[in-house]
Structures are given as structure tokens and as C-alpha cells.
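So the chains spell out like this:
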Amino acid sequence: MRIGFIGLGVMGRAMAHNLLGAGFLVTVWNRSPAACEGLVAAGARRAQHATEAAACDVLVTMLADDDAVRAVVDAHDLITAMPDHGVHVNMATCSIECAREMTARHAEAGRDYVAAPVLGRPDIARAARLNIVAAGAAHAVERARPALTAMGQNVWPAGDEPHRANAIKLAANFMLVTAVEAMGEATSLTSAYGVEPADFLEIITGSVFAAPAYLGYSGAMADRDYDNPEGFRLALGAKDMNLALAAARAEHVPLPLAATARERLVEALAAGEADLDLSVLAEGSRRAAHLDDRD
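Residues numbered from 1 in each chain as written. Predicted model: local features only at pLDDT ≥ 70, side-chain atom pairs only at ≥ 80, totals over all residues. Heavy atoms only, no water.

(A) View of the overall build of the chain. Helix and strand counts for the chain come out as 14 helices and nine strands. Taken along its principal axes, the extent of the C-alpha atoms in the chain is 65 × 45 × 35 Å. Within the chain, the fraction of its 295 residues that count as buried is 51%. Across the chain, contacts joining residues at least 24 apart in sequence account for 66% of those joining residues at least 6 apart. Surface summary for the chain: the accessible area is close to 13200 Å², and the carbon and sulfur share equals 56%. Separation between the mean location of the 25 positive side-chain charges and that of the 37 negative ones in the chain comes to 4 Å. (Helix = DSSP H or I, 4+ residues; strand = E, 2+ residues; numbered from the N terminus. Buried < 20%, exposed > 50% of the residue type's maximum accessible area, 1.4 Å probe, protein only. Contact = heavy atoms within 4.5 Å. Areas by Shrake-Rupley, 256 points an atom, 1.4 Å probe, with all protein chains shown as cover. Lys, Arg positive; Asp, Glu negative; His and termini not counted. Charge placed at Lys NZ, Arg CZ, Asp CG, Glu CD.)

Next comes the structure, spelled out in C-alpha cells:
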């Protein structure tokens with residue numbers, strides 16, 4: 001199977017390496033060509049033009065957001081460049097609107113489209129232990145399944161409408177952000193009573209909250225060290241929270257916790273913390289409680 005891969009950020013590079021390791025013929029393209037170097041050295045073919053990646057059996061795109069997806073698809077006319085039997089697997093965290101738009105555009109051109117956003121961070125991607133939520137026509141998901149299996153430990157089916165996978169991903173990230181915010185607030189509460197953050201976090205992540213959503217962010221909170229290039233950037237969490245709220249408004253679903261968490265995210269963005277790990281939300285709670293100003 002020939003795989004085209006577009007979007008070689010930290011996550012995308014790890015995923016493409018796993019495809020190579022599984023024996024697929026991988027053609028890579030990225031808007032910043034330097035990102036291709038390591039993969040080419042590992043055996044990937046460098047596409048001179050994005051259409052060469054689209055011309056493969058399965059085209060995987062792992063781009064940052066709606067704008068990036070639209071920009072790459074439109075600038076290079078990728079849908080037209082796909083072969084009749086090709087499948088476009090969009091693994092980005094996109095809005096419901098973008099997912100529906102891409103589904104319609106591919107259908108109009110007679111091409112298959114699958115939404116397959118991922119749950120996991122770069123270390124999980126490198127270990128090929130991502131959880132992948134896949135939605136689209138059953139035959140298209142099955143055609144792409146060997147590639148998806150090479151990148152993740154589970155492929156969760158979400159029906160034949162691609163936007164359902166994006167709804168699940170946005171809901172999951174809503175839960176993640178609110179969990180991290182709650183952990184940060186709870187750590188501030190215990191800190192106000194003289195409990196060291198590391199002690200409190202060790203207790204909760206070793207007992208009632210021994211789950212990846214907490215374990216993955218507690219270490220940074222304990223050390224108050226949020227400069228993690230491979231973490232989940234706060235700016236992306238804010239983007240996903242806005243997408244979740246937009247999806248909720250479209251179907252008249254109240255998300256009061258999301259609205260509250262978004263305000264904390266906005267505060268963190270204003271504090272210049274956009275590029276830090278999501279766990280920096282804990283600092284907003286500390287600032288609100290003036291913990292660092294206390295004797």
C-alpha cells in the first residue's frame with residue numbers, strides 16, 4: 001500500500017515513521033520542507049509537490065486546524081489529484097463545519113473521505129499507541145485500516161458520517177481541558193493549606209484519579225515546569241475548546257464547564273502562555289489565589 005503523508009509536525013513525523021516501520025511505501029510532503037529530512041533518511045520518498053502524496057492509495061493529512069486543512073487542500077487541488085480508489089484520511093482536530101465541508105467536496109468529486117482524529121500526545125504517537133477515532137463509509141475505513149493500525153493501538157469506529165469522529169475528538173478534548181483545570185484548582189486549594197503540590201498530586205494520581213488525563217499533566221504541575229515542546233500546547237487547547245463550544249451551540253447543547261474553562265484559557269493566553277503545556281492552567285489558579293504573594 002502506498003501512503004501519502006502531509007503534515008509533519010511533532011505528531012505527524014512520529015506517525016509517518018511508524019508507517020515506514022510497518023513496511024508501507026510512504027511519500028511525504030510538508031509546507032516546511034526541512035521537516036521531511038528525517039523521514040527521507042529513514043526511507044520515505046520526498047514528494048516534490050503535494051499532489052504526489054495525494055496520488056497514493058491512502059492520503060493522510062495531519063494538519064493544525066481548519067485553515068491549514070483548507071489551505072493545503074485548495075492550494076494544491078488535492079481532491080482532484082487523488083486516484084479513483086484513493087482515500088483521504090484527515091487526522092486533524094477539525095470543526096464539525098470543516099468536516100462536513102470536506103465530506104461534501106470529496107463526495108462531489110467521487111472520492112472517499114475519512115475523519116480519523118487521534119487521542120494521544122507525541123510520546124504516545126512514537127510508541128504507535130494512539131487511539132484513533134475513525135468515521136466514514138465502511139469500505140473507506142476498511143481500506144485505510146492497515147495504515148491506521150500501524151499508527152495506533154485502537155481504531156474506534158464512529159459511524160459512516162465523518163463529522164461524528166470530530167465530535168468525539170472535540171468532546172474528549174473538552175473533558176481533558178476541564179480535567180486539567182480542575183486538577184490545577186484543586187492543587188491551589190491544597191497549596192493554600194501548606195500541602196506541597198507534588199505531594200497532593202502523587203496522592204490523587206495514585207488513587208482516585210490514576211488515569212492518563214491526570215497522570216500526563218501532573219508532573220509538570222508538581223514541578224511548575226511547563227516548557228514542554230512535545231506537550232499539548234495551551235493555544236491548541238483553547239482552539240479546541242472554541243470548536244467544542246461552537247459544535248454545542250449548533251445543536252443547542254449547554255456546556256457550562258467549557259465556558260468556564262475557556263475563560264481560564266483566555267487568561268492564560270493573555271499571560272503569554274500560549275506555547276506552554278496545557279498544565280500551565282494551574283498557574284492561573286495560583287495567580288487568582290495570590291499563592292505566590294503569601295508569606
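(B) Spatial organisation of the layout of surface pockets. Reported here for the largest pocket is a volume of approximately 1400 Å³. Counting residues per element, the ones that place at least two in the lining of the largest pocket are α1 (10–21), β7 (118–119), α7 (122–126), α9 (163–191), α11 (212–223) and α12 (234–250). When residues of the lining of the largest pocket are assigned to their parent elements, the largest contribution, six residues, is made by α9. Within this model, the second largest pocket holds a volume of roughly 370 Å³. Considering the residues around the second largest pocket, the lining is formed by 18 residues, among which Ile-96, Leu-243, Ala-246, Ala-247 and Ala-248 are closest to the centre. Elements with a contribution of two residues or more to the lining of the second largest pocket: α6 (96–108), α9 and α12. Partitioning the lining of the second largest pocket into residue classes produces 13 nonpolar, two polar and three charged. (1 Å grid on protein atoms, 1.4 Å probe; cavity = no way out; pocket = protein on both sides within 12 Å on 5 of 7 lines; lining within 4 Å. Points joined across faces, edges and corners; volume = space filled by probe spheres on them. Nonpolar A, V, L, I, M, F, W, Y, C, P; charged D, E, K, R; others polar.)

(C) Main features of the side chain of Asn-18. Locating Asn-18 in the fold gives a position in helix α1. Once residues within four sequence positions are removed from consideration, Asn-18 is found in contact with Ala-125, Arg-126, Ala-128 and Ala-150.

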